[in-house]
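# Overview (structure and organization)
Below, each chain spelled out in residue letters.
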Amino acid sequence: MAARQLKTAIGLMSGTSMDGIDLALVKTDGVAVVERGPALEIAYDPAFRRQLIEALELAKRIESRDQRPENLGEIERELTLRHAAAVEMFLKRFNLDAKDVDFIGFHGQTVLHRPRQALTVQIGDGPLLARRTGIRVIYDMRANDMRHGGQGAPLVPAYHAALAAGLAGYQGRNVMLVNIGGISNLTFIGADGEIVAFDSGPGNTLIDQWVEAEAGIPFDQGGAIASEGVVQAELLARYLDQRFFTADERISLDRNDFLPPKPGDLGLHDGARTLARLTAEAIRLSMRHLPAKPDLVIVCGGGRLNRTIMADLSDVLAPARVEPAEQFGFNGGSMEAEAWAYLAVRASLGLPLTFPGTTGVLAPVSGGVLALP
Ligand SMILES: Nc1ncnc2c1ncn2[C@@H]1O[C@H](COP(=O)(O)OP(=O)(O)OP(=O)(O)O)[C@@H](O)[C@H]1O
Ligand SMILES: CC(=O)N[C@H]1[C@@H]2OC[C@@H](O2)[C@@H](O)[C@@H]1O[C@H](C)C(=O)O
(Lines give C-alpha, C1' and ligand atoms only; values in the text may rest on other atoms or scores of the structure.)
(Ligands and ions follow the chains in the order given, each with its own letter.)
Protein backbone atom coordinates (compact mmCIF):
# COMPACT_ATOMS: atom_id res chain seq x y z
CA MET A 1 0.00 0.00 0.00
CA ALA A 2 1.30 3.47 -0.88
CA ALA A 3 2.33 5.57 2.11
CA ARG A 4 -0.10 8.33 2.95
CA GLN A 5 0.97 11.80 2.05
CA LEU A 6 2.20 14.05 4.83
CA LYS A 7 0.49 17.39 5.39
CA THR A 8 1.74 20.37 7.35
CA ALA A 9 -0.77 22.12 9.58
CA ILE A 10 -0.78 24.89 12.15
CA GLY A 11 -3.25 24.51 15.02
CA LEU A 12 -4.65 27.58 16.77
CA MET A 13 -6.22 27.29 20.21
CA SER A 14 -7.83 29.97 22.33
CA GLY A 15 -8.95 27.95 25.33
CA THR A 16 -11.41 28.45 28.17
CA SER A 17 -8.77 30.21 30.30
CA MET A 18 -8.83 32.99 27.69
CA ASP A 19 -5.18 33.73 28.42
CA GLY A 20 -4.03 33.86 24.81
CA ILE A 21 -3.53 32.04 21.53
CA ASP A 22 -1.52 28.82 21.42
CA LEU A 23 -0.01 27.92 18.04
CA ALA A 24 1.74 24.70 17.02
CA LEU A 25 2.88 23.10 13.81
CA VAL A 26 2.44 19.40 13.11
CA LYS A 27 3.36 17.24 10.14
CA THR A 28 1.08 14.27 9.88
CA ASP A 29 -0.66 11.82 7.60
CA GLY A 30 -3.74 12.26 9.80
CA VAL A 31 -3.13 8.92 11.49
CA ALA A 32 0.30 8.77 13.09
CA VAL A 33 1.80 12.02 14.31
CA VAL A 34 4.89 12.16 12.20
CA GLU A 35 6.56 15.26 13.52
CA ARG A 36 5.74 17.87 16.13
CA GLY A 37 7.13 21.22 15.04
CA PRO A 38 7.56 24.55 16.82
CA ALA A 39 5.00 26.07 19.16
CA LEU A 40 4.29 29.58 20.36
CA GLU A 41 1.99 31.22 22.87
CA ILE A 42 0.78 34.78 22.38
CA ALA A 43 -0.87 36.22 25.48
CA TYR A 44 -3.95 38.44 25.28
CA ASP A 45 -3.63 41.87 26.85
CA PRO A 46 -5.94 42.45 29.84
CA ALA A 47 -8.24 44.75 27.80
CA PHE A 48 -8.93 42.08 25.18
CA ARG A 49 -9.39 39.47 27.90
CA ARG A 50 -12.10 41.72 29.35
CA GLN A 51 -13.72 41.81 25.91
CA LEU A 52 -13.77 38.03 25.83
CA ILE A 53 -15.37 37.91 29.26
CA GLU A 54 -17.97 40.35 27.90
CA ALA A 55 -18.41 38.03 24.91
CA LEU A 56 -19.34 35.17 27.26
CA GLU A 57 -22.03 37.37 28.82
CA LEU A 58 -23.42 38.44 25.43
CA ALA A 59 -23.42 34.83 24.22
CA LYS A 60 -25.85 33.82 26.97
CA ARG A 61 -28.55 35.33 24.76
CA ILE A 62 -27.73 33.18 21.75
CA GLU A 63 -30.49 30.76 20.75
CA SER A 64 -29.24 29.70 17.33
CA ARG A 65 -25.57 29.42 16.60
CA ASP A 66 -25.27 32.14 13.96
CA GLN A 67 -26.60 34.89 16.22
CA ARG A 68 -24.13 37.54 17.35
CA PRO A 69 -25.93 39.82 19.86
CA GLU A 70 -24.80 43.43 20.25
CA ASN A 71 -21.06 43.78 19.54
CA LEU A 72 -20.28 40.06 19.65
CA GLY A 73 -19.66 40.16 15.88
CA GLU A 74 -17.06 42.89 16.37
CA ILE A 75 -15.32 40.89 19.08
CA GLU A 76 -15.34 37.89 16.72
CA ARG A 77 -13.68 39.96 14.01
CA GLU A 78 -11.07 41.29 16.44
CA LEU A 79 -10.37 37.76 17.70
CA THR A 80 -9.92 36.54 14.12
CA LEU A 81 -7.57 39.39 13.23
CA ARG A 82 -5.50 38.61 16.31
CA HIS A 83 -5.27 34.99 15.16
CA ALA A 84 -4.17 36.17 11.68
CA ALA A 85 -1.48 38.36 13.25
CA ALA A 86 -0.42 35.44 15.44
CA VAL A 87 0.00 33.20 12.38
CA GLU A 88 2.05 35.88 10.64
CA MET A 89 4.29 36.17 13.71
CA PHE A 90 4.61 32.38 13.93
CA LEU A 91 5.64 32.05 10.29
CA LYS A 92 8.19 34.83 10.64
CA ARG A 93 9.62 33.52 13.91
CA PHE A 94 10.19 30.03 12.52
CA ASN A 95 11.23 31.10 9.05
CA LEU A 96 8.24 29.57 7.31
CA ASP A 97 6.18 30.68 4.36
CA ALA A 98 2.40 30.48 4.08
CA LYS A 99 2.80 28.16 1.10
CA ASP A 100 4.67 25.67 3.32
CA VAL A 101 1.47 25.17 5.30
CA ASP A 102 -1.39 23.05 3.96
CA PHE A 103 -4.00 23.86 6.61
CA ILE A 104 -4.75 25.92 9.65
CA GLY A 105 -6.91 24.20 12.27
CA PHE A 106 -8.82 27.07 13.88
CA HIS A 107 -10.63 26.52 17.17
CA GLY A 108 -11.78 30.07 17.88
CA GLN A 109 -13.15 30.95 21.30
CA THR A 110 -15.96 28.98 22.88
CA VAL A 111 -18.48 31.53 24.13
CA LEU A 112 -21.36 29.15 24.78
CA HIS A 113 -21.58 25.39 25.21
CA ARG A 114 -24.93 23.77 26.00
CA PRO A 115 -24.69 20.12 25.03
CA ARG A 116 -28.19 19.34 26.35
CA GLN A 117 -29.56 21.73 23.72
CA ALA A 118 -27.04 20.55 21.11
CA LEU A 119 -25.75 24.12 20.99
CA THR A 120 -22.07 25.02 20.89
CA VAL A 121 -20.70 28.35 19.69
CA GLN A 122 -17.06 29.13 18.95
CA ILE A 123 -16.54 32.66 17.68
CA GLY A 124 -13.91 32.91 14.94
CA ASP A 125 -14.40 33.80 11.28
CA GLY A 126 -12.77 31.00 9.24
CA PRO A 127 -13.12 32.66 5.81
CA LEU A 128 -11.64 35.92 7.12
CA LEU A 129 -8.68 34.03 8.61
CA ALA A 130 -8.12 32.20 5.30
CA ARG A 131 -8.17 35.48 3.37
CA ARG A 132 -5.78 37.17 5.78
CA THR A 133 -3.26 34.34 5.97
CA GLY A 134 -3.54 32.92 2.44
CA ILE A 135 -3.81 29.44 4.01
CA ARG A 136 -6.74 26.99 3.87
CA VAL A 137 -8.57 27.04 7.19
CA ILE A 138 -10.60 24.27 8.78
CA TYR A 139 -12.82 25.58 11.56
CA ASP A 140 -16.03 24.80 13.47
CA MET A 141 -14.88 21.26 14.25
CA ARG A 142 -17.33 20.64 17.11
CA ALA A 143 -20.68 21.16 15.38
CA ASN A 144 -20.91 17.99 13.31
CA ASP A 145 -20.29 15.86 16.37
CA MET A 146 -23.23 17.53 18.12
CA ARG A 147 -25.41 17.07 15.05
CA HIS A 148 -24.80 13.36 15.45
CA GLY A 149 -25.66 13.15 19.12
CA GLY A 150 -22.21 13.89 20.56
CA GLN A 151 -21.30 16.27 23.38
CA GLY A 152 -19.21 18.42 20.99
CA ALA A 153 -16.22 17.95 23.34
CA PRO A 154 -13.62 16.82 24.04
CA LEU A 155 -12.02 16.55 20.58
CA VAL A 156 -8.40 16.25 21.65
CA PRO A 157 -8.66 12.50 22.50
CA ALA A 158 -7.96 11.38 18.90
CA TYR A 159 -4.65 13.22 19.18
CA HIS A 160 -3.94 11.95 22.71
CA ALA A 161 -4.43 8.42 21.39
CA ALA A 162 -2.05 9.05 18.48
CA LEU A 163 0.60 10.30 20.92
CA ALA A 164 0.07 7.39 23.29
CA ALA A 165 0.51 4.95 20.39
CA GLY A 166 4.19 5.93 20.29
CA LEU A 167 4.76 5.84 24.05
CA ALA A 168 7.75 3.66 24.86
CA GLY A 169 7.50 1.37 27.86
CA TYR A 170 3.75 1.66 28.27
CA GLN A 171 2.40 -0.41 25.41
CA GLY A 172 -0.05 -2.92 26.80
CA ARG A 173 -0.63 -0.79 29.91
CA ASN A 174 -3.51 1.52 30.80
CA VAL A 175 -2.50 5.12 30.11
CA MET A 176 -4.45 8.30 30.82
CA LEU A 177 -3.74 11.78 29.49
CA VAL A 178 -5.25 14.63 31.48
CA ASN A 179 -5.48 18.16 30.18
CA ILE A 180 -5.81 20.69 32.99
CA GLY A 181 -6.80 23.89 31.22
CA GLY A 182 -9.66 26.15 32.28
CA ILE A 183 -11.72 22.97 32.38
CA SER A 184 -10.06 19.56 32.65
CA ASN A 185 -10.60 16.65 30.32
CA LEU A 186 -9.07 13.22 30.14
CA THR A 187 -8.40 10.43 27.67
CA PHE A 188 -8.01 6.84 28.81
CA ILE A 189 -6.24 4.46 26.43
CA GLY A 190 -6.71 0.92 27.66
CA ALA A 191 -4.17 -1.86 27.40
CA ASP A 192 -6.41 -3.31 24.65
CA GLY A 193 -6.53 0.03 22.75
CA GLU A 194 -9.99 1.06 23.95
CA ILE A 195 -10.36 4.86 24.10
CA VAL A 196 -12.63 6.54 26.63
CA ALA A 197 -12.62 10.31 27.12
CA PHE A 198 -14.68 13.07 28.68
CA ASP A 199 -14.56 16.40 30.48
CA SER A 200 -13.54 15.82 34.08
CA GLY A 201 -14.40 19.03 35.91
CA PRO A 202 -13.09 22.49 36.68
CA GLY A 203 -9.35 22.82 35.93
CA ASN A 204 -7.85 26.25 36.57
CA THR A 205 -10.80 28.49 35.81
CA LEU A 206 -12.13 28.71 39.39
CA ILE A 207 -8.61 29.22 40.77
CA ASP A 208 -7.98 32.00 38.22
CA GLN A 209 -11.25 33.73 39.04
CA TRP A 210 -10.65 33.36 42.77
CA VAL A 211 -7.12 34.82 42.88
CA GLU A 212 -8.16 37.57 40.46
CA ALA A 213 -11.09 38.59 42.68
CA GLU A 214 -9.18 38.27 45.97
CA ALA A 215 -5.75 39.57 44.99
CA GLY A 216 -6.00 41.05 41.48
CA ILE A 217 -3.60 38.50 39.99
CA PRO A 218 -4.48 36.35 36.96
CA PHE A 219 -3.40 32.90 38.21
CA ASP A 220 -1.70 31.07 41.07
CA GLN A 221 1.82 30.71 39.72
CA GLY A 222 3.30 27.35 40.61
CA GLY A 223 0.42 26.80 43.03
CA ALA A 224 2.31 28.91 45.57
CA ILE A 225 -0.78 30.59 47.01
CA ALA A 226 -2.60 27.28 47.38
CA SER A 227 0.43 25.73 49.08
CA GLU A 228 -0.02 28.13 52.00
CA GLY A 229 -3.70 27.34 52.52
CA VAL A 230 -5.77 24.62 54.13
CA VAL A 231 -8.48 22.60 52.35
CA GLN A 232 -11.92 23.65 53.54
CA ALA A 233 -13.67 20.30 53.65
CA GLU A 234 -17.23 21.63 53.71
CA LEU A 235 -16.76 23.82 50.67
CA LEU A 236 -15.04 21.00 48.80
CA ALA A 237 -17.87 18.61 49.67
CA ARG A 238 -20.45 21.13 48.39
CA TYR A 239 -18.72 21.30 45.02
CA LEU A 240 -18.38 17.54 44.77
CA ASP A 241 -22.02 17.02 45.61
CA GLN A 242 -23.05 18.44 42.22
CA ARG A 243 -24.74 16.19 39.70
CA PHE A 244 -21.72 16.24 37.40
CA PHE A 245 -19.84 14.11 39.97
CA THR A 246 -22.64 11.74 40.85
CA ALA A 247 -24.61 11.09 37.63
CA ASP A 248 -24.09 8.05 35.42
CA GLU A 249 -24.11 10.10 32.23
CA ARG A 250 -21.02 11.86 30.94
CA ILE A 251 -21.52 15.48 30.00
CA SER A 252 -19.22 18.10 28.50
CA LEU A 253 -18.80 21.35 30.38
CA ASP A 254 -19.29 25.03 29.79
CA ARG A 255 -16.91 27.44 31.52
CA ASN A 256 -19.83 28.77 33.59
CA ASP A 257 -21.05 25.38 34.85
CA PHE A 258 -18.99 25.86 38.01
CA LEU A 259 -18.74 29.19 39.79
CA PRO A 260 -15.99 30.43 42.14
CA PRO A 261 -16.71 30.68 45.87
CA LYS A 262 -18.29 33.89 47.11
CA PRO A 263 -15.85 36.36 48.65
CA GLY A 264 -16.12 36.40 52.42
CA ASP A 265 -14.47 34.60 55.28
CA LEU A 266 -12.69 32.01 53.17
CA GLY A 267 -9.47 33.91 52.48
CA LEU A 268 -7.15 33.90 49.48
CA HIS A 269 -4.95 30.95 50.48
CA ASP A 270 -7.60 28.56 51.78
CA GLY A 271 -9.74 29.31 48.71
CA ALA A 272 -6.91 28.54 46.29
CA ARG A 273 -5.98 25.44 48.30
CA THR A 274 -9.54 24.10 48.28
CA LEU A 275 -9.97 24.76 44.56
CA ALA A 276 -6.68 23.03 43.72
CA ARG A 277 -7.89 19.99 45.67
CA LEU A 278 -11.21 20.24 43.83
CA THR A 279 -9.39 19.99 40.50
CA ALA A 280 -7.71 16.75 41.59
CA GLU A 281 -10.80 15.28 43.28
CA ALA A 282 -12.89 16.13 40.19
CA ILE A 283 -10.55 14.08 38.03
CA ARG A 284 -10.62 11.19 40.51
CA LEU A 285 -14.41 11.15 40.72
CA SER A 286 -14.84 11.48 36.96
CA MET A 287 -12.80 8.33 36.58
CA ARG A 288 -15.88 6.37 37.74
CA HIS A 289 -16.75 6.36 34.02
CA LEU A 290 -13.57 4.45 33.11
CA PRO A 291 -13.41 0.69 32.50
CA ALA A 292 -10.15 0.34 34.50
CA LYS A 293 -7.61 2.30 36.48
CA PRO A 294 -4.61 3.83 34.68
CA ASP A 295 -1.05 2.79 35.41
CA LEU A 296 0.33 6.04 34.08
CA VAL A 297 -1.21 9.53 34.10
CA ILE A 298 0.34 12.17 31.83
CA VAL A 299 -0.68 15.72 32.65
CA CYS A 300 -0.77 18.55 30.13
CA GLY A 301 -2.29 22.04 30.07
CA GLY A 302 -1.39 24.95 32.35
CA GLY A 303 -2.44 23.06 35.48
CA ARG A 304 0.63 20.81 35.23
CA LEU A 305 2.62 23.85 36.39
CA ASN A 306 0.57 24.17 39.58
CA ARG A 307 2.58 22.07 42.03
CA THR A 308 -0.27 21.92 44.53
CA ILE A 309 -2.61 20.40 41.94
CA MET A 310 0.11 17.95 40.82
CA ALA A 311 0.80 16.82 44.40
CA ASP A 312 -2.93 16.38 45.05
CA LEU A 313 -3.33 14.44 41.84
CA SER A 314 -0.51 12.06 42.75
CA ASP A 315 -2.15 11.67 46.13
CA VAL A 316 -5.67 10.90 44.95
CA LEU A 317 -4.62 8.72 41.98
CA ALA A 318 -2.05 6.58 43.83
CA PRO A 319 -0.64 4.07 43.00
CA ALA A 320 -0.73 5.41 39.40
CA ARG A 321 2.40 7.24 38.26
CA VAL A 322 1.50 10.92 37.63
CA GLU A 323 3.88 12.93 35.43
CA PRO A 324 3.87 16.19 33.48
CA ALA A 325 3.84 15.74 29.68
CA GLU A 326 7.46 16.90 29.36
CA GLN A 327 8.59 13.77 31.19
CA PHE A 328 7.65 11.86 28.04
CA GLY A 329 9.06 14.37 25.55
CA PHE A 330 5.70 16.03 24.84
CA ASN A 331 4.99 19.74 25.06
CA GLY A 332 2.33 20.09 27.73
CA GLY A 333 1.62 23.71 26.85
CA SER A 334 0.94 23.23 23.16
CA MET A 335 -0.83 19.89 23.04
CA GLU A 336 -4.27 21.34 22.27
CA ALA A 337 -2.89 23.51 19.48
CA GLU A 338 -1.06 20.47 18.10
CA ALA A 339 -4.31 18.56 18.33
CA TRP A 340 -6.15 21.18 16.29
CA ALA A 341 -3.47 20.92 13.60
CA TYR A 342 -3.77 17.12 13.61
CA LEU A 343 -7.57 17.25 13.54
CA ALA A 344 -7.53 19.70 10.62
CA VAL A 345 -5.58 17.16 8.57
CA ARG A 346 -7.92 14.38 9.62
CA ALA A 347 -10.91 16.55 8.68
CA SER A 348 -9.39 17.29 5.28
CA LEU A 349 -9.22 13.53 4.65
CA GLY A 350 -12.74 12.89 5.94
CA LEU A 351 -11.36 10.80 8.82
CA PRO A 352 -13.35 10.69 12.09
CA LEU A 353 -12.60 13.32 14.72
CA THR A 354 -14.82 11.88 17.42
CA PHE A 355 -16.00 8.45 18.52
CA PRO A 356 -18.77 7.01 20.71
CA GLY A 357 -16.17 6.49 23.46
CA THR A 358 -15.03 10.12 23.38
CA THR A 359 -18.01 12.45 22.89
CA GLY A 360 -20.82 9.90 22.98
CA VAL A 361 -21.50 10.53 19.28
CA LEU A 362 -23.69 7.82 17.76
CA ALA A 363 -20.98 6.67 15.32
CA PRO A 364 -17.49 7.95 14.49
CA VAL A 365 -17.82 11.22 12.56
CA SER A 366 -15.56 13.72 10.84
CA GLY A 367 -16.26 17.43 10.96
CA GLY A 368 -15.06 20.96 10.32
CA VAL A 369 -15.75 23.51 7.64
CA LEU A 370 -13.17 24.36 4.97
CA ALA A 371 -12.51 28.02 4.09
CA LEU A 372 -10.34 28.77 1.09
CA PRO A 373 -8.11 31.87 0.87
N1 LIG B 1 3.16 28.60 35.88
C2 LIG B 1 1.90 28.30 36.16
N3 LIG B 1 1.56 27.93 37.41
C4 LIG B 1 0.30 27.62 37.74
N5 LIG B 1 -0.73 27.65 36.87
C6 LIG B 1 -0.45 28.01 35.61
C7 LIG B 1 0.86 28.35 35.18
N8 LIG B 1 0.82 28.65 33.87
C9 LIG B 1 -0.47 28.52 33.49
N10 LIG B 1 -1.24 28.14 34.53
C11 LIG B 1 -2.67 27.93 34.55
O12 LIG B 1 -3.07 27.37 33.33
C13 LIG B 1 -4.10 28.14 32.73
C14 LIG B 1 -3.99 28.07 31.23
O15 LIG B 1 -3.99 26.71 30.88
P16 LIG B 1 -4.25 26.26 29.39
O17 LIG B 1 -3.60 27.21 28.46
O18 LIG B 1 -3.92 24.82 29.32
O19 LIG B 1 -5.83 26.45 29.33
P20 LIG B 1 -6.81 26.63 28.11
O21 LIG B 1 -6.23 25.94 26.93
O22 LIG B 1 -7.14 28.06 28.00
O23 LIG B 1 -8.10 25.88 28.65
P24 LIG B 1 -8.94 24.64 28.06
O25 LIG B 1 -8.01 23.48 27.98
O26 LIG B 1 -9.97 24.46 29.12
O27 LIG B 1 -9.49 25.09 26.77
C28 LIG B 1 -3.91 29.54 33.27
O29 LIG B 1 -5.12 30.26 33.25
C30 LIG B 1 -3.40 29.26 34.68
O31 LIG B 1 -4.47 29.06 35.55
C1 LIG C 1 -16.75 23.48 24.34
C2 LIG C 1 -15.29 23.64 24.60
O3 LIG C 1 -14.65 24.50 24.05
N4 LIG C 1 -14.76 22.76 25.45
C5 LIG C 1 -13.33 22.76 25.77
C6 LIG C 1 -13.15 23.10 27.24
O7 LIG C 1 -11.76 23.17 27.57
C8 LIG C 1 -11.34 21.88 28.03
C9 LIG C 1 -12.58 21.04 27.91
O10 LIG C 1 -13.60 22.02 28.03
C11 LIG C 1 -12.68 20.41 26.50
O12 LIG C 1 -13.82 19.64 26.42
C13 LIG C 1 -12.76 21.43 25.37
O14 LIG C 1 -11.52 21.66 24.76
C15 LIG C 1 -10.62 20.70 24.35
C16 LIG C 1 -9.57 21.36 23.55
C17 LIG C 1 -11.21 19.54 23.54
O18 LIG C 1 -12.21 19.68 22.88
O19 LIG C 1 -10.59 18.48 23.56
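Residues numbered from 1 in each chain as written. Chains lettered and ligands numbered in written order. Predicted model: local features only at pLDDT ≥ 70, side-chain atom pairs only at ≥ 80, totals over all residues. Heavy atoms only, no water.

As a further point, take the packing of helix H1 (residues 46-59) against helix H2 (residues 72-93). Between two packed helices, what matters for the description is the angle formed by their axes and the separation of those axes. As a packed pair, H1 and H2 sit with axes 10 Å apart at the nearest point and diverge in direction by 140°. Between H1 and H2, the interaxial angle falls into the category oblique. As H1 packs across H2, the resulting crossing turns out to be left-handed. Listed contacts from H2 to Phe48, Gln51, Leu52, Glu54, Ala55, Leu58 and Ala59 of H1 are Leu72, Ile75, Glu78, Leu79 and Arg82. A class-by-class count of the residues in the contact of H1 with H2 yields 8 nonpolar, 1 polar and 3 charged. (Axes fitted to C-alpha atoms, helices over the stretch in contact; angles between N-to-C directions. Helix = DSSP H or I, 4+ residues; strand = E, 2+ residues; numbered from the N terminus. Parallel < 35°, antiparallel > 145°, perpendicular 65-115°, else oblique. Left-handed = near helix turned anticlockwise from the far one by under 90°. Contact = heavy atoms within 4.5 Å. Nonpolar A, V, L, I, M, F, W, Y, C, P; charged D, E, K, R; others polar.)

In the vicinity of ligand 1 there are 21 residues, among which Thr16, Asp208, Gly222, Gly302 and Glu336 approach most closely. Asparagine 179 is positioned with one of its side-chain polar atoms (N or O) 3.1 Å from an oxygen atom of ligand 1. Asparagine 204 is positioned with one of its side-chain polar atoms (N or O) 3.3 Å from an oxygen atom of ligand 1. Surface burial for ligand 1 is 87%, taken as the share of its 650 Å² of free accessible area covered by protein chains. In the shell around ligand 1, the residues fall into 4 nonpolar, 13 polar and 4 charged. Residue-level mapping places the shell around ligand 1 at the junction of two domains, with at least three residues from each of domain 1 (7-152 + 366-371) and domain 2 (157-328). (Near = heavy atom within 4 Å. Polar contact = N/O pair within 3.5 Å; in protein donor to acceptor, adjacent residues only side chain to side chain. Areas by Shrake-Rupley, 256 points an atom, 1.4 Å probe, with all protein chains shown as cover. Domains from an automatic or database assignment.)

Attention now moves to the domain arrangement of the chain. You can read the domains of the chain as domain 1 (7-152 + 366-371) and domain 2 (157-328). Centre-to-centre separation of domain 1 and domain 2, based on C-alpha positions: 24 Å. The partner domain 2 presents 16 residues to the 15 residues of domain 1 that form the contact. For the pair domain 1 and domain 2, the summed buried surface comes to about 1,300 Å²; carbon and sulfur atoms form 48% of the total. On the domain 1 side of the interface with domain 2, the three residues burying the most area are Thr16, His113 and Arg116, jointly 36% of the side's total. (Buried area = accessible area lost by both parts, 1.4 Å probe.)

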